[in-house]
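Listed below are the residues making up each chain.
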Amino acid sequence: MKKLIAAVVAAGGITLGLVPAAAQATASTYQCFQVSAPYQSYPTPGGCQPGYVQVTLPADTAQVLTVTNQKQTRNYAVFNAFSLAGGTWTHTWGRWTARIGQRGFANPGQKIEGDALTPQGGYRFQFMFGVKANPGVHFRWRHAYRYDYWDDDPASPRYNLWTDARHHNAGANPEPMHNVPVYNYAAVIAYNLARTPGAGSAIFLHVGDGHATAGCVSLPQAELLTIIRWLSPASDPVITMGVVQ
């Protein structure tokens, strides 16, 4: 999401748990993940100890990404990846430095279009895309051509949808998908699947260009490729983004 424009509608119902949305199963367990060494984790239905983030896990989830910081207005974040095998969660990738929205994290449930904030909460992934060829991901891959846009106009009937401009109107000032280098490779975070007007759109995990984002999460390209090649639909991965005390 690129534009720093005024917005009038706040998102609702977003917490650090998995956000209920169409095509998302009911979460079944809660796990606290430590975001620094020794990267321990433990199950809990309540809050977590300092230095841990609580993740709401659907029944089949075996891969978790965490994007956290300790100061909500900071546009740097700590990126970690965890995997489940034999009933044990293991720290798999990270600790890496990610960039998030220029103004940091939105308050839970308060993400709005154009606010330069990254939404807090837990989300699945929809599909992956890029200007470059499929690098070997397990998710559905979509090539980004010059006629492809993401509609981020709250007044548009295609709000928060990938749009082929040859066939549909992508709204006012849409987000170009053919965008080098940040969209060389990217994964679509399943944020605002209800497409609530003004609640935010085009939230991706994508290649970083050294700068803060307009609401997405970015990593250096080599690290991003490691993650998107690792993620598997069979493991029902979840990305949780938010502030850790």
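A brief report on the enclosed structure follows. Computed from a prediction, not measured in an experiment: that's the story for all the values here.

### Some thoughts on the pattern of salt bridges
For step 1, the next point in the chain: Scanning the entire structure with this criterion turns up three salt bridges.
For step 2, the next point in the chain: In this structure, the salt-bridge partner of aspartate 115 is lysine 111, at a minimum N-O distance of 2.5 Å.
For step 3, the next point in the chain: Judged by its relative accessible area of 1%, lysine 111 is buried.
For step 4, the next point in the chain: The salt bridge involving aspartate 164 is made with arginine 166; its shortest N-O contact spans 2.7 Å.
For step 5, the next point in the chain: We classify aspartate 164 as buried; its relative accessible area is 13%.

### A word on the side chain of aspartate 153
For step 1, the next point in the chain: Its place among the elements puts aspartate 153 in the loop between strand E10 (148-151) and strand E11 (161-164).
For step 2, the next point in the chain: Classification of aspartate 153 as buried rests on a relative accessible area of 16%.
For step 3, the next point in the chain: There is a polar contact of 3.0 Å between the side chain of aspartate 153 and the backbone nitrogen of alanine 172.
For step 4, the next point in the chain: The contacts of aspartate 153, once residues within four sequence positions are left out, are Tyr159, Gly171 and Ala172.

The rules behind these values
Residues numbered from 1 in each chain as written. Predicted model: local features only at pLDDT ≥ 70, side-chain atom pairs only at ≥ 80, totals over all residues. Heavy atoms only, no water. Salt bridge = Lys/Arg side-chain N within 4 Å of Asp/Glu carboxyl O. Buried < 20%, exposed > 50% of the residue type's maximum accessible area, 1.4 Å probe, protein only. Helix = DSSP H or I, 4+ residues; strand = E, 2+ residues; numbered from the N terminus. Polar contact = N/O pair within 3.5 Å; in protein donor to acceptor, adjacent residues only side chain to side chain. Contact = heavy atoms within 4.5 Å.

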